[in-house]
Amino acid sequence: MTKTKPSWMSDIDQLRHYLHQYPELSGEEHETAAFLAKSLRQLEPSRLIEGIGGCGMVAIFDSGQPGPSVLFRTELDGLPIEEINDFDYRSTKQNISHTCGHDGHMAVMMGFARALAQQPPKKGRALLLFQPAEEIGAGAEWMLKDETFESILPVDFTVAFHNLPGFPPGTIVCREGAFSAAVQSLIIRLNGKTAHAGEPEYGINPAMAISEIIKEAGIACQPKIEEEGFAILTPVHINMGEIAYGVSAGYGEIHLTIRTRTEEEMQALSKRLLDYTGRVSQKYGLEVDTEWTNVFRTTRNDPEVVQIIRQAAADNGFEYHNKNWAFKWGEDFGAFTQKYTGAMFGIGAGLDHPALHNPDYDFPDEIIPVGIDMYRRILELVLERSS
């Protein structure tokens, strides 16, 4: 899968295993960031800027010569999932694990940083960005809105990757246009009036409104991403009343996650659902309050950057797979591609590898060199094209 394996790769594998043992949740990646910052300082980048958007940081490898600035991004956070693996480096944290592979993504970035320390860019700059809170769709905006982020500008291109179970190990997966879906979650709070269960007519129970909203969400679904109008509306949590059989509930809450291919489709579908919720609430005499959370923008792959990724795969001798449709999951890297020219690609983790966010998932060490080689060649190609 890779042409070379430097002697220090075993150190990168060990670093990945260490990170796997000590995952931290979104926005709480203080120890992870401190550990990586200490390791980065030993590599003597031109600048290391910490505390951007909370736990975020950027290591800059600057040639001192004019040229493009290329930003590479990795994630810091784990997930609130109890790992069931029994290897010696399994998570030491209860109900927290790196079951999405961010430990592997960080290992690739640290390997790339070591390669840059040994062979700095001949011109321009490589910006290695470590992002918090990817899993909740917040960390990218935290960093972009932090005034400190302005000190690393300009950004000419931005690139990231994600490991992909279900594809042959080391295969590079990419496409032009949308790489991942627009995803955001809606909380609907319905306030009525509590009453005796034997006299519900004296109260306002949200049960019927909840059932109608759930039904409407089902009607709006079109789960085939290859067809027009793709939309998935998934109820993820419903809460109503208490386990008190003499009480008719006066409050209800619904949490839905919504997925579409584009931001425009998301806006249209969101308006449809909010309008319907307003009408149903009025019909049953309920007060309604809504809140959006976990917002992931569409990751938009620029054709020029995709061409560079394809060329980097070919130059490294890696198999390349052009995906016909976007992935249905959300990716916080979308916030960067909405602002800067960039693209995300995938690296196959194995056809039978456990799926992302599963309790038995573990990032495959054998694809770490693939990520490093891809990042190195992508940077070289960008710099070559700027001549």
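Let me begin by describing the structure that accompanies this report. Everything numeric in this text was worked out from a predicted model, so none of it was measured. Note on numbering: residues in each chain are counted from 1, in written sequence order. The model is predicted, so local features are restricted to residues of pLDDT at least 70 and side-chain atom pairs to those at 80 or more, both for listing and for counting; the totals for chains, interfaces and linings are taken over all residues. In computing side-chain values, all of the structure's heavy atoms are included and hydrogens and water are not.

Before going further, it helps to examine helix α1 (residues 9–21). Side chains three or four residues apart in an α-helix point the same way, a direct result of the helix having 3.6 residues per turn. Numbering of helices and strands runs from the N terminus; a helix is a DSSP stretch of H or I covering at least four residues, while a strand is a stretch of E covering at least two. Helix span, expected: 1.5 Å multiplied by one less than the number of residues in the helix. Its 13 residues place the ends of α1 19 Å apart at the C-alpha level, agreeing with the 18 Å of an ideal helix rising 1.5 Å per residue. Of all the residues in α1, the buried ones are Met9, Ile12, Asp13, Leu15, Arg16, Leu19 and His20. Buried positions in α1, seen along its axis, are confined to an arc of 160° and lie on one side of it. Where the residues of α1 are buried, they touch α2 (30–42), α3 (102–118) and α9 (368–385). Accessibility here uses a 1.4 Å probe with only protein chains present; expressed as a share of the type maximum, an area under 20% marks a residue as buried, one over 50% as exposed, and anything in between as partly exposed. Throughout, the arc means that of the directions going from the helix axis to the C-beta atoms. Throughout, a contact is declared for two residues whenever any of their heavy atoms are within 4.5 Å.

Quick look at the environment of Gln311 now. Structurally, Gln311 is set in helix α7 (residues 303–316). The partly exposed category is assigned to Gln311, whose relative accessible area is 33%. Between the C-alpha atom of Gln311 and that of Ile378, which follows or precedes it by 67 residues, the distance is 8.2 Å.

As a further point, take the pattern of salt bridges. Salt-bridge detection follows one rule: a side-chain nitrogen of Lys or Arg within 4 Å of a carboxyl oxygen of Asp or Glu. Summed over all chains, the structure comprises 18 salt bridges. The residue Asp365 makes a salt bridge to Arg16 at a minimum N-O spacing of 2.9 Å. Taken together, the residues span a long stretch of sequence, with Asp365 in the loop between β16 (342–350) and α9 and Arg16 in helix α1 at a distance of 349 residues. Salt bridges linked by common partners bring Arg16, Asp103, Asp362 and Asp365 together as one network.

The term nonpolar core refers to a set of buried residues drawn from Ala, Val, Leu, Ile, Met, Phe, Trp, Tyr and Cys, joined through side-chain atoms within 4.5 Å. Among the nonpolar cores identified, the biggest contains 80 residues, and Leu128, Ile172, Ile309, Phe345, Met374, Tyr375 and Ile378 are the most heavily contacted of them. With 10 residues, α9 is the single largest residue contributor to this core. If we ignore the near neighbours within four places in the chain, the residues touching Leu128 are Met57, Val58, Ala59, Phe61, Phe72, Met109, Phe112, Ala113 and Leu116. Listed in part, the 20 residues of the second largest apolar core include Ile188, Leu190, Ile210 and Tyr276.

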